[in-house]
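Descriptive structure summary
These are the residues of each chain, in order.
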Amino acid sequence: MSTLVYTESGRKPATASYDKVIPAGEGWMHRINRGQTLRIVDLEGNQAADTFFFSAQDVSERYSAQDTIREQEAIYLTTGTKLMSNLGRPMLTITADTCGRHDTLGGACAAESNMVRYDLDRRFMHSCRDTFLWQMLTSGYPVTKRDLTHNINFFMNVPVTPEGGLQFADGVSAPGKYVELRADMDVLCLVSNCPQLNNPCNAYNPTPIQVLVWDESC
Amino acid sequence: MSTLTETLPAGAMWSMRITRHRLLRLTALERGANVSALFFNATQPLDRLNVPDTLKALHTAKLTRGHVLMSDMGHALVSLTEDSLGWHDPLGGHIHAAQIAEKFGASSYQKDRNDWQRNAHDNFLIELAKHGLGRRDMVANVNFFSKIAVDAAGRMSLVSGHCPAGATVGLRTEMDVLVVLANCPHPLAPSGAYPRVPVRLDIVVTEAPGADDFCRNFRPEGARALTLTERLFS
């Protein structure tokens, strides 16, 4: 693995305008205004924070994994990455990252994809897709399954081999690692704290994450 | 017996609801083709190609023979039953109007008539609209005939010279599938002249995948996606 670069943030949790712990298997949908900064903390290590963004002005503009990785010509997300929309506009910029790399190829777990990946009897386990759908349904925003596509997996490590293989490698995260993003437009942030029990990437033990928001003036 | 043959000129858009168990074969008529593609369950378009679900199930960052393209509902939409290239790109997305202008210069219908330099993003939107679909339905796509190499640091680069004239890829529909194609440059294509590679499309009747089918036996995840699609017809 190439050397990971870590970027610390000077922001103090005490000055955050919003601070919440999201247990594993639960979700969060929250407006982040342009200029505000969102931090997501992997409290206990190697937890996947499945995350998606919509433009708050027009939800048909949304995060695009393919536009994001292609425009930076690199598959990992880290400090300096601009999260691009499906219309080719920057939505947020990663301004700090103590984990070093994050995945956006692997998508979110779902009842249906668990059946494909693991076994046909895995339909009835909790999944990120169901959390996403429930958050959208109860958010009051005009978003449905139709608006849900290819997300980010903060704290996950999914390398590509020279032969074109996709690996689900050991985590590069650890307790207290975090990523910080500055909003470049008003966005709706959708998070599922991944409940996956079939994958060793979280040691079969989903754990809580923390989300904090700082206002522009802080 | 060919049931449909058509040649997509450079910049073309195309869509069709293709019946279950047809072989859709694309042939690059010159070197350096790129065809951006989307797939939907024609009966329920909310059940649509999901690139991450496909890649993580098959443990792959490329597409080749044996791979099953899956929907976000766990269904096999199409299977790659033929491939002369060994690598098609599921990572690079599709090209937008601004990138076309930046790489290949200004173009308009007024000036260039039907040789104008069309882009995959707008082509997809127009073709989707013909089926009552729109921007919200435009999910991550795949690119046939293109290869993106990824190095140890995660850097992506388009491999030049990957697609020779005559390269083919064959897709078997596993249900009635809405196929949307744009014969437009790959978004990482180098600047210069707008690539103009015609691509022939043939649709022929093919067999349902049996127990010994190559795609069914390529990986157990592909077999399960085929089973989930077959359950729709049970």
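Here the structure is shown first, and the text comes after it.
The structure contained in this document is the topic of the report that follows. Computed from a prediction, not measured in an experiment: that's the story for all the values here. (Residues numbered from 1 in each chain as written. Chains lettered and ligands numbered in written order. Predicted model: local features only at pLDDT ≥ 70, side-chain atom pairs only at ≥ 80, totals over all residues.)

1. Digging into the overall build of chain A
When helices and strands are counted, chain A shows three helices and 10 strands. Counting helices and strands in the order they occur from the N terminus, chain A gives β-β-β-β-α-β-β-α-α-β-β-β-β. Rg of the C-alpha trace for chain A: 16 Å, near the compact-globule value of 17 Å for 218 residues, within the 12% margin. C-alpha extents for chain A along the principal axes are approximately 50 × 40 × 35 Å. Residues classed as buried in chain A amount to 50% of the 218 residues present. (Helix = DSSP H or I, 4+ residues; strand = E, 2+ residues; numbered from the N terminus. Rg over C-alpha atoms; globule rule 2.2 N^0.38 Å. Buried ≥ 20, exposed ≤ 12 C-beta atoms within 10 Å, placed from the backbone.)

2. Observations regarding the overall build of chain B
The helix and strand tally for chain B stands at six helices and 12 strands. What you see for chain B is a C-alpha radius of gyration of 17 Å, in line with the 17 Å of a compact globule of 234 residues. Across the 234 residues of chain B, 55% fall into the buried class. Sequence separation of 24 or more characterises 79% of the internal contacts of chain B that already satisfy a separation of 6 or more. (Contact = placed C-beta atoms within 7 Å.)

3. Looking at the interface of chain A and chain B
Interface size is often expressed as the accessible area that is lost when the parts come together. Taken together, the contact between chain A and chain B spans 33 residues of the former and 41 residues of the latter. The residue inventory of the side of chain A that touches chain B, partitioned by class, reads 12 nonpolar, 13 polar and eight charged. (Nonpolar A, V, L, I, M, F, W, Y, C, P; charged D, E, K, R; others polar.)

4. As for the sheet that holds strand S4 (residues 49–55) of chain A
Residues and elements named next belong to chain A. Strand order across the open sheet formed by four strands is S2-S9-S4-S7, with antiparallel pairing between neighbours. Edge positions in the sheet fall to strand S2 (27–32) and strand S7 (152–154), since each has one partner strand and no second. Averaged over all neighbouring strand pairs, the angle between strand axes comes to 25 degrees, with direction disregarded. Sheet analysis places S4 next to S7, joined by three bridges and oriented antiparallel. From the neighbouring strand, Ala49 faces S7, where its bridge partner is Phe154. (Pairing = 2+ DSSP bridges. Axes fitted to C-alpha atoms, helices over the stretch in contact; angles between N-to-C directions.)

5. Things to note about the sheet that holds strand S4 (residues 35–41) of chain B
Where strands meet in a sheet, backbone hydrogen bonds hold them as pairs that are either parallel or antiparallel. Residue and element names in this part refer to chain B. Sheet architecture is open: four strands sit in the order S2-S11-S4-S7, paired in antiparallel fashion. The two strands at the open ends of the sheet, each matched to only one other strand, are strand S2 (13–18) and strand S7 (142–144). Mean inter-strand twist for the sheet, computed between neighbouring axes without regard to direction, equals 25 degrees. As judged from the three bridges shared by S4 and S7, these two strands associate in the antiparallel manner. The residue bridging Val35 from the neighbouring strand is Phe144, located in S7. Across the face of the sheet, helix H4 (residues 120–129) comes into contact with S2, S4 and strand S11 (177–182) while running at roughly 145 degrees to S11.

6. Digging into the nonpolar core
Counting 125 residues, the largest nonpolar core has A:Phe53, B:Phe39 and B:Val177 as its most contacted members. In terms of residues, this core owes the most to one element, S11(B), which gives six residues. Leaving out residues up to four positions away in the same chain, B:Phe39 has contacts with B:Leu49, B:Leu69, B:Leu77, B:Val78, B:Val177 and B:Val179. (Core = buried A, V, L, I, M, F, W, Y, C linked by C-beta atoms within 7 Å.)

7. Some points on the environment of A:Leu77
All names here are of chain A. Following the sequence through the fold, Leu77 ends up in the loop between helix H1 (65–72) and strand S5 (82–84). For Leu77, a count of 26 C-beta atoms within 10 Å translates into the label buried. Beyond its immediate stretch of four places on either side in the chain, Leu77 contacts Ile94, His102, Thr104 and Ile152.

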